[in-house]
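Structure assessment
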Amino acid sequence: MGVLKAVDFFCGAGGVTCGFKNIGIKVLGGLDIDSQFKKTYEETNDTIFINEDVSALSLNPEKLSKLLPIEKQDNNLIFIGCSPCQYFSNLKSDKKKSKKSRLLLEDFKELVLYYSPGYVFIENVPGLETKKGSPLHAFKIALKKQGYVFDQNVLNAKYFGVPQNRRRFVLIASRLNTQISVPKQVRDKQKLVSIKDAIGDYTQFPKIKAGTEDKSEFIHSSSRLSDINLKRIKRTPKDGGSRKAWANDPQLQLECYKNHDGHHDVYGRLAWKKQAPTITTRFIYTSTGRYSHPEQNRALSLREGATLQSFPLDYNFHSSNKGAIATMIGNAVPPKLAEAIGLTIKEHWSQWQKLK
């Protein structure tokens with residue numbers, strides 16, 4: 001029967017690896033061009049991190065089998081390709097800066113075609129499916145020619161145990177099954193995990209002030225607030241309040257919002273009974289979205305952001321730079337979402353095992 005195993009390309013800090021390992025899939029290793037992830041990935045997941053450029057590897061695919069114990073046509077192997085995706089995001093971002101990453105799916109495709117693993121999983125922004133210039137269409141054509149069947153959908157992580165509204169494009173493909181389906185979204189509000197459920201226990205997440213530096217592995221650290229932003233957050237009503245509360249205060253109101261009635265999440269507080277908005281790489285700042293604590297006068301701490309991404313409390317992020325850790329957390333695939341994908345692949349793999 002063998003063991004279901006995986007290779008995590010563009011692994012980052014290891015969100016997918018964490019989720020897959022939680023449900024018993026053996027992750028052989030992760031690859032990423034950014035070496036800053038190495039300590040976090042290896043020490044927390046107890047597997048190898050390979051500092052490689054997937055784009056370069058696609059030109060010399062046989063090298064991968066020298067780095068990891070994999071072979072072509074391995075029916076028990078999953079290739080994970082959650083490539084950087086800012087170029088196709090609907091969020092305002094520097095498209096020139098992210099342009100280099102827009103065709104990483106093409107590079108991943110070459111490795112899939114060379115090794116032809118039993119299963120393939122990709123996760124990305126919803127815009128990957130709809131934006132002009134996306135390599136997704138060519139990727140799917142190549143999968144079909146290689147004998148894969150696949151299913152895709154835009155899934156919201158909140159329906160899979162993640163206390164966060166995070167819509168992501170998901171595609172899973174199989175070379176073994178006659179059909180495959182992504183996990184179903186059970187839209188039961190009673191089963192949603194709230195912010196209160198996730199970070200509301202003050203014995204786990206003690207009250208702290210803005211600017212707190214937690215040097216322990218728990219990293220319950222928060223960013224400093226300027227005097228003016230401290231005044232703003234104090235005037236923002238607790239448990240879901242917005243900057244509308246001080247819109248008419250000439251000292252606190254920002255010039256850019258004096259004649260603009262949008263972006264109400266900016267400087268807003270989280271609401272205990274709801275889910276968080278998408279946790280981005282900038283969740284540690286009150287000025288970048290609805291990232292202010294529901295009660296305390298500060299932005300989310302690093303550990304709170306990681307928990308809202310569904311990372312375990314003992315998942316250790318290694319860096320002396322708060323912004324670098326926030327980037328690791330914000331860019332990760334939520335482990336709970338990865339678990340749901342992994343379980344679906346395991347189910348299809350088990351079905352194939354029974355039929356072969």
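Please refer to the structure placed before this passage.
Residues numbered from 1 in each chain as written. Predicted model: local features only at pLDDT ≥ 70, side-chain atom pairs only at ≥ 80, totals over all residues. Heavy atoms only, no water.

**Considering helix H10 (residues 227-235)**
Note the following rule: The buried label goes to any residue with under 20% of its type's maximum accessible area, the exposed label to any with over 50%, and the partly exposed label to all in between, with areas taken from a 1.4 Å probe on protein chains only. Each helix corresponds to a stretch of at least 4 residues labelled H or I by DSSP, and each strand to a stretch of at least 2 residues labelled E; elements are numbered beginning at the N terminus. Directions are taken from the helix axis to each C-beta atom, and the arc is the one they span.
Every buried residue of H10 is listed here: Asn 229, Arg 232 and Ile 233. The arc that holds the buried residues of H10, viewed along the axis, is 95°, so those residues lie on one side. For H10, the exposed residues lying more than 90 degrees away from the buried face are Asp 227 and Lys 234.

**Some details on the packing of aromatic side chains**
For clarity, the threshold we go by: Stacked, tilted and edge-to-face are the three classes assigned to paired rings of Phe, Tyr and Trp, where Trp is represented by its six-membered ring and a pair needs centres within 6.5 Å; plane angles under 30 degrees give stacked, over 60 edge-to-face, the rest tilted.
Evaluated as defined, the whole model comprises 14 aromatic pairs. Plain terms: the ring middles of Phe 9 and Phe 108 are 5.4 Å apart, the flat faces sit at 65° to each other, and that makes the pair edge-to-face. With Phe 9 in strand S1 (residues 5-9) and Phe 108 in helix H6 (residues 104-115), this pair connects stretches of sequence that are 99 residues apart. The burial state of Phe 9 is the same as that of Phe 108; both residues are buried. An angle of 85° between the planes, with centres 5.7 Å apart, marks the rings of Trp 246 and Tyr 267 as edge-to-face.

**Overview of the packing of H6 against helix H8 (residues 136-145)**
Heads up, the condition is: An axis is simply a line fitted to the C-alpha atoms; with a helix, the fit covers only the stretch in contact. Between two such axes, the angle follows the N-to-C directions and lies from 0 to 180 degrees. An angle below 35 degrees is read as roughly parallel, one above 145 as roughly antiparallel, one from 65 to 115 as roughly perpendicular, and any other as oblique. Between two residues, a contact is recorded if the distance between any of their heavy atoms is within 4.5 Å. Charged residues are taken to be Asp, Glu, Lys and Arg, nonpolar residues to be Ala, Val, Leu, Ile, Met, Phe, Trp, Tyr, Cys and Pro, and polar residues to be all remaining types, Gly included.
At a minimum axis distance of 10 Å, the contact between H6 and H8 shows a crossing angle of 5°. By the angle between their axes, H6 is roughly parallel relative to H8. Mapping the contact onto sequence places Leu 105, Glu 106, Phe 108, Lys 109, Val 112 and Leu 113 in H6 and Leu 136, Ala 138, Phe 139, Ala 142 and Leu 143 in H8. The class makeup of the residues in the contact of H6 with H8 is nine nonpolar, no polar and two charged.

**Thoughts on the environment of Lys 158**
We count it as follows: Under the rule applied, a polar contact is a pair of N or O atoms within 3.5 Å (in protein, one hydrogen donor and one hydrogen acceptor; residues adjacent in sequence only if both atoms are side-chain atoms).
One can find Lys 158 in the loop between strand S6 (149-156) and strand S7 (167-174). Taking the C-alpha atoms as reference points, Lys 158 and Val 186, separated by 28 residues in sequence, lie 9.9 Å from one another. If near-sequence neighbours (up to four positions away) are discounted, Lys 158 is found in contact with Gln 164, Asn 165, Leu 192 and Gln 275. A polar contact of 3.3 Å, which involves the side chain of Lys 158, links it to the side chain of Asn 165.

**Here we look at the pairing of S1**
Put simply, the test is: Assignment of crossover handedness uses the view with strands pointing away from the viewer, where a clockwise path from the first strand over the helix to the second indicates a right-handed crossover. Here the rule is simple: two strands pair whenever DSSP picks up at least two bridges between them.
Counting buried residues along S1, five of its five residues qualify, which places the element largely inside the surrounding structure. Side chains Lys 5, Val 7 and Phe 9 of S1 all project onto a buried face; the interleaved residues Ala 6 and Asp 8 project onto the opposite face, where all are buried too. Viewed along the sheet, the connection from S1 through helix H1 (residues 15-22) into strand S2 (residues 26-32) turns out right-handed. Direction of pairing for S1 relative to strand S4 (residues 77-81): parallel, over a ladder of five bridges. Following the sheet pairing, Lys 5 is matched in S4 by Leu 77.

**What to know about the packing of H1 against helix H13 (residues 335-355)**
This is how the line gets drawn: Each crossing gets its hand from how the near helix is turned against the far one by less than a right angle, where anticlockwise is left-handed and clockwise is right-handed.
As a packed pair, H1 and H13 sit with axes 7 Å apart at the nearest point and diverge in direction by 50°. Looking at the two axes, H1 sits oblique to H13. Note that H1 runs across H13; the crossing there is right-handed. Judged by residue contacts, Gly 15, Val 16, Cys 18, Gly 19, Phe 20 and Asn 22 of H1 engage Pro 335, Ala 338, Glu 339, Gly 342 and Ile 345 from H13. Looking at side-chain class alone, the contact of H1 with H13 contains six nonpolar, four polar and one charged residues.

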